[in-house]
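The residues making up each chain are set out below.
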Amino acid sequence: MSDALYYKSARELGELLEKGELSSVELTRSVVERTKAVEDRVKAFNSFDEDDALSQAAESDARRGNGESLGPLDGIPVGIKDVLAVKDQPLTCSSKILADFISPYDATCIQNLKQSGAILWGRLNMDEFAMGSSTENSGTKVTGNPWNLECIPGGSSGGSAAAVSAGEAVVSLGSDTGGSIRQPASHCGIVGLKPTYGRVSRYGLAAFASSLDQVGPMGRTTWDVAALLQSISGHDVHDSTSYKIEVPDYLDSIEQLKGKKWTIGLPKEYFESASDTASIGPVNEAIAFYKSIGCEFQEVSLPHTEYAVATYYIVATAEASSNLARYDGIRYTHRAEKFDAKDSVDIYCQSRAEGFGNEVKRRVLLGTYVLSSGYYDAYYLKAQKARTLIRRDFEAVFQDVDALLTPTAPGPAFKRGAHTGDPLSMYLSDIYTLSANLAGIPGLSVPCGYADGLPVGLQLLGKPFKEEELLAIGNEFESAHSFKDEHPEL
Amino acid sequence: MEYEAVIGLEVHVQIKTGSKIFSGCRSGFGFDPNTLVDPVVLGLPGSLPVMNKAALDGIIKAGLALNCEIPDYCKWDRKNYFYPDSPNNYQITQYDQPICDGGYVEIELEGETRAVMGSHRKVKLTRIHLENDVGKLNHFAEDSLVDYNRAFTPLMEIVSEPDMHSGAEAFAFLTAIRQTMIYCGISDCDMEKGQMRADANISVRPVGQKELGAKIELKNLNSITGVKNGIEYEIKRQTQELKKGRTIVQATWRWDADQGRTELMREKEDAHDYRYFPDPDLMPVRIDDEWRKRIRSEIPELPFDKQRRFIEEYELPYSITSVLVPDRGLSDYFEEAARKAPKSAQAIGNYVANDLLRELSESSTALADCKMSAANLLSLVQVVEKGVITKQIAKDVFIEMFNTGETAEEVVERKGLKPDFDDDQVKTWCQEAIDENPRPVEDYRSGNEKALNALLGQVMKKSRGKANPQVVQGLLKELLG
């Protein structure tokens, strides 16, 4: 429990700002001071710019003073995963290959945040190019889990989750390609939402796997996450895969949908494998809670679940091998000092060998392999077919239920180094989350308890473009419990 | 043994659009290096391509003009390869579902003389697809620098079947494509500016053999003439090799236009694996009948159709049409005048093909900036036909009109070129000429018809060139009995 400003929710802070009882400069200073106090232990940030944040805050205060507030996020510090382009700010993707890159342009979601008056705060650490589940694959630093600094914060949006959990940001933006928002949210005891594919523009999000990537909000409450989602959602002419569909009023929807008796599915394939995991206790208690408020549960089947991990790692690595080809040592990336000047291929080889970490190299190799002639049909084409079947599984169950409830991850945060020698076992930490990316549906992780003294989240999966339903369902649980007010000791 | 060549061409044509193929960044030629760039063109992290509709319109138009099928559905694929001129190290192209399928190009081979139409035939196309152009590498002593201005210019690749057999056919093929593109306003096809580029695949086989010989890909063909010369050289080289009993090995050669010969670039095609896969950033494109109909309605009459019509409708000689038709502006200019006076079409055609072109070129004026309107040209033709001025004087009037933009009547009036005498006066001059020149008179009377010209010259002199030579000739004959 804490009364500190930096642990208040965006909703409370917004009300204080609106009433004139708090200035954005005071709030931002509180977050900055908190960051300076704990950052040497948490290591959530690749970089931050205190002066820039405070000057944004001063502008916000001036707007509010003139009665020109831009809405509930005006003046609220939002941490930014270091995978999103912010004009004149570094964009490293936690990779040595982009160590010196400054973005000359804003991502669309960043533009939207600026129009909401949010204070853009820092560049948050991540697994290099969002490839990983522990943030240990970062090329810059190793982020600790604020609940136990020897544990990983999850990944790839580990910095985004840790910063919010540690009070170093009120809310943050992450990106989710296979669980990279939901899994670290679960591990750090916060709320994280992966929106429907196409809900949020990907323009300015450095691509890992284009058909799976989605930018999403992270925060300490469902309301905060909803407010952030509101700001960044909508069609964008710069992203052909962003969807032309109306964006509902999420904050209003949470209120409107309160008390609704939801029909919730429990995918038997997930629970079969989850039955002996550490997450199952808190998740079962959450199910009992929902039953107690009148929700109806059904066991459902997603028969192609067993193919999800293989399908995911073929599709994601194939796209990544092509997306990361632009980091070549020619224009704006790290260039090796020594290379054979007579051989242009050598610039690529040396620069990429020095600039990329092992996991990135592993995935680029894997992706290159599955796209190679002679293997394309057996791997990539087959994976696309499997992907269609997985999506149809979800379409079928959503005929009968409003949402699915599952654990977010097999267990709580593990110790640093526990899986680094065995990439396959690391890949399995996304076993409950990555199907949502393959199917393009939204997924929300909400704190639901503890295992081994560390937070555990429950995952809600929903129908395409029905984020408001997931937020409303999550909000029911959150409102009846005190997890949102429980913070790590630092 | 007799040998024959089989040739296929891959022609890249830039589509003239205001902005680039996958972003709103301006497209153009001749700007300072790396000024026509934006996050998409430079392949910055997070940038995404968005399809330029004008580029799609352009290639659909090209496809319809070249008789292709435009399927209802096409998609975008990534062709992965590393090269410094490629911002993303993949090109966005169309692998297995191009926007234009099949088709053919009507070509005309050279006739026996310039006055005779050559034979026509159809060269089959495989496909036309759309892709992004790449940047340009500039090599210096120590460094190579890349200019990305050209990157992401919309680029069509027109692929022919192996359906040509000579350099002349390839020349005709490229000329026909170029003219069609210019006519449709799709591209200016200026090869010096890289707006059109061609590679040739050439193989030679014994006549009668079904299988194709080993394929030589010929690059560095920088002009249409270069394509012709390069192919002709390569056919000769391969044929000689075969006659010597040697085998041709599949390889890439380059044409050296200065040396006038081809040279080996790469022995064996590097086993490139482009790892094509559908681009997840771009949606497939659906094309419906309405879209096809709209574009079809924008296609103008194509060059060969126009030429056939000019010959039939206006009875123009082939030689005049072959000057007019390649230039759509010139053809339109001609027809604007000819439509109002179809019977004078040949005279109009002559003026346009000879006098107008000469004056335009001597004054380095573009037709669009020409002061002399088609209506004015018609006024000149009509003044001559009415016998107001002679054809000889009309030549000077033309130049005057070209320079000032006046009508023929205005020039004739201003310069006092209208005859200021009547027929009796002409008769008097004729009589005077006969009286003053007994020698030619004698010659004429003794049967030398040509002697009349000396007398005619005298009369024209007296009339300061304004008398109608036909009338004078008649009068002289009459007076000389």
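Computed from a predicted structure; not experimentally measured.

1. Comments concerning the confidence of the model for chain B
As a general rule, the predicted coordinates of low-pLDDT regions are not to be interpreted in detail.
Next, step 1: On average, residues of chain B carry a pLDDT of 94, and 99% of them reach 70 or more.
Next, step 2: Under the prediction, the complex receives an ipTM of 0.96, its pTM being 0.92.

2. Side note on the nonpolar core
Next, step 1: Among the nonpolar cores identified, the biggest contains 137 residues, and Val 78 and Leu 84 of chain A are the most heavily contacted of them.
Next, step 2: Sorting elements by how many residues they give to this core places helix 11 (residues 308-323) of chain A first, with 8 residues.
Next, step 3: Beyond its immediate stretch of four places on either side in the chain, Leu 84 of chain A contacts Ala 107, Cys 109, Ile 110, Leu 173, Gly 204, Leu 205 and Val 215 of chain A.
Next, step 4: By size, the runner-up hydrophobic cluster in this structure holds 71 residues, among which are Val 13, Val 37, Met 164 and Ile 202 of chain B.

3. Observations concerning helix 3 (residues 50-65) of chain A
Residue and element names in this part refer to chain A.
Next, step 1: Across its 16 residues, helix 3 extends 22 Å between first and last C-alpha, which sits within 8% of the 22 Å expected from 1.5 Å per residue.
Next, step 2: Turning to helix 3, its buried residues are Ala 53, Gln 56, Ala 57, Ser 60 and Asp 61. Summarising the axial view, the buried residues of helix 3 lie within an arc of 145°, below the 170-degree limit, and thus occupy one face. Facing away from the buried surface of helix 3 by more than 90 degrees, the exposed residues are Asp 51, Ala 62 and Gly 65.
Next, step 3: In this fold, the buried residues of helix 3 make contact with helix 2 (24-42), strand 2 (77-81) and strand 3 (119-124).

4. Quick look at the sheet that holds strand 3 (residues 77-80) of chain B
All names here are of chain B.
Next, step 1: Ordered in space as 4-3-15, the 3 strands form an open sheet in which the pairing is antiparallel. If you trace the sheet from one side to the other, it starts and ends with strand 4 (90-93) and strand 15 (277-278), each paired once.
Next, step 2: Bridge count between strand 3 and strand 4: 4 bridges; the pairing is antiparallel. Paired with Lys 79 across the strands is Gln 91, a residue of strand 4.

5. Points about the domain arrangement of chain B
Next, step 1: By the assigned domains, chain B splits into domain 1 (3-291), domain 2 (301-415) and domain 3 (423-480).
Next, step 2: Placing the centre of domain 2 of chain B and that of domain 3 of chain B at their C-alpha centroids yields a distance of 33 Å.

6. So, the interface of chain A and chain B
Next, step 1: At the interface, 35 residues of chain A touch 23 residues of chain B.
Next, step 2: Listed by contribution, the elements that provide at least two residues to the side of chain A that touches chain B are helix 11, helix 12 (344-355) and helix 13 (358-371) of chain A.
Next, step 3: Its residues assigned to classes, the side of chain A that touches chain B comprises 18 nonpolar, 11 polar and 6 charged.

7. Here's the deal with the sheet that holds strand 11 (residues 454-462) of chain A
Residues and elements named next belong to chain A.
Next, step 1: Read from one edge to the other, the open sheet built from 11 strands follows the order 1-3-2-4-6-5-10-11-9-7-8, with strand pairing classed as mixed. At either end of the open sheet lies a strand with only one pairing partner, and these are strand 1 (45-47) and strand 8 (296-300). Between one strand axis and the next, the sheet turns by 35° as a mean value, whatever way the strands run.
Next, step 2: The sheet strands contacting helix 7 (residues 222-232) are strand 2, strand 4 (171-176), strand 5 (191-194), strand 6 (214-219) and strand 10 (443-451), and the helix crosses strand 6 at an angle near 145°.

8. Things to note about unusual backbone geometry
All names here are of chain A.
Next, step 1: Residues Gly 155 and Ser 156 are joined by a peptide bond in cis, for which omega reads 10°.
Next, step 2: As for its position among the elements, Ser 156 is in the loop between strand 3 and helix 5 (158-165).
Next, step 3: For Phe 465, which is not glycine, the phi torsion reads 60° and is therefore positive.
Next, step 4: Here Phe 465 lies in the loop between strand 11 and helix 17 (467-480).
Next, step 5: Residue classification places Phe 465 among the buried residues on the basis of 21 C-beta atoms within 10 Å.

9. Overview of the packing of helix 1 (residues 53-65) of chain B against helix 4 (residues 289-297) of chain B
To characterise two packed helices, one gives the angle between the axes of the helices and the distance between these axes.
Residues and elements named next belong to chain B.
Next, step 1: Where helix 1 contacts helix 4, the two axes come as close as 9 Å, and the packing angle between them is 75°. The angle between the axes of helix 1 and helix 4 places the two elements in the roughly perpendicular class. Residue-level contacts link Asp 57, Ile 60, Lys 61 and Leu 64 of helix 1 to Arg 292, Ile 295 and Arg 296 of helix 4.
Next, step 2: Looking at the contact of helix 1 with helix 4 residue by residue, the class counts come to 3 nonpolar, no polar and 4 charged.

10. A short note on the pairing of strand 13 (residues 251-256) of chain B
All names here are of chain B.
Next, step 1: Two strands pair when backbone bridges link them, and strand 12 (residues 216-221) and strand 13 are joined in this way by 4 bridges, in the parallel orientation. Paired with Lys 219 across the strands is Arg 254, a residue of strand 13.
Next, step 2: Note that the unit made of strand 12, helix 3 (residues 224-243) and strand 13 has a crossover that is left-handed.
Next, step 3: One ladder, built from 5 bridges, connects strand 13 with strand 14 (residues 261-266); its direction is antiparallel. Bridge pairing in strand 14 places Asp 256 opposite Arg 261.

Scoring rules and cut-offs
The residue numbers shown here count from 1 along each chain, following its written sequence. All chains are assigned letters beginning with A, and all ligands numbers beginning with 1, in the order in which they are written. Side-chain atom pairs in this predicted model are given and counted only at pLDDT of 80 or more, local residue features only at pLDDT of at least 70, and totals for whole chains, interfaces and linings cover all residues. Predictor confidence is given residue by residue as pLDDT, running from a minimum of 0 to a maximum of 100. In this description, a nonpolar core means buried residues of the types Ala, Val, Leu, Ile, Met, Phe, Trp, Tyr and Cys, linked to one another by C-beta atoms lying within 7 Å. Buried, partly exposed and exposed are defined by the number of other C-beta atoms within 10 Å of a residue's own C-beta, namely 20 or more, between the two limits, and 12 or fewer respectively, with C-beta atoms placed from the backbone. Helical segments are the DSSP runs of H or I of at least four residues, strand segments are the runs of E of at least two, and each set is numbered from the N terminus. Here, residues touch in the contact sense if the C-beta positions derived from the backbone fall within 7 Å of one another. By this rule, a helix spans an expected 1.5 Å times one less than how many residues it contains. As used here, the arc is the angular range of directions from the helix axis to the C-beta atoms. Note on pairing: DSSP must find at least two bridges between two strands before they are called paired. Either an automatic procedure or a domain database provided the assignment from which the domain bounds are taken. For this scheme, ten residues count as nonpolar: Ala, Val, Leu, Ile, Met, Phe, Trp, Tyr, Cys and Pro. Four count as charged, namely Asp, Glu, Lys and Arg, and the remainder, Gly too, count as polar. With axes taken as lines fitted to C-alpha atoms, and helix axes fitted only over the stretch in contact, angles between N-to-C directions fall between 0 and 180 degrees. Each angle receives one of four descriptions, namely roughly parallel if under 35 degrees, roughly antiparallel if over 145, roughly perpendicular if within 65 to 115, and oblique otherwise. The definition of a right-handed crossover adopted here requires that, viewed with the strands pointing away, the path from the first strand over the helix to the second runs clockwise.

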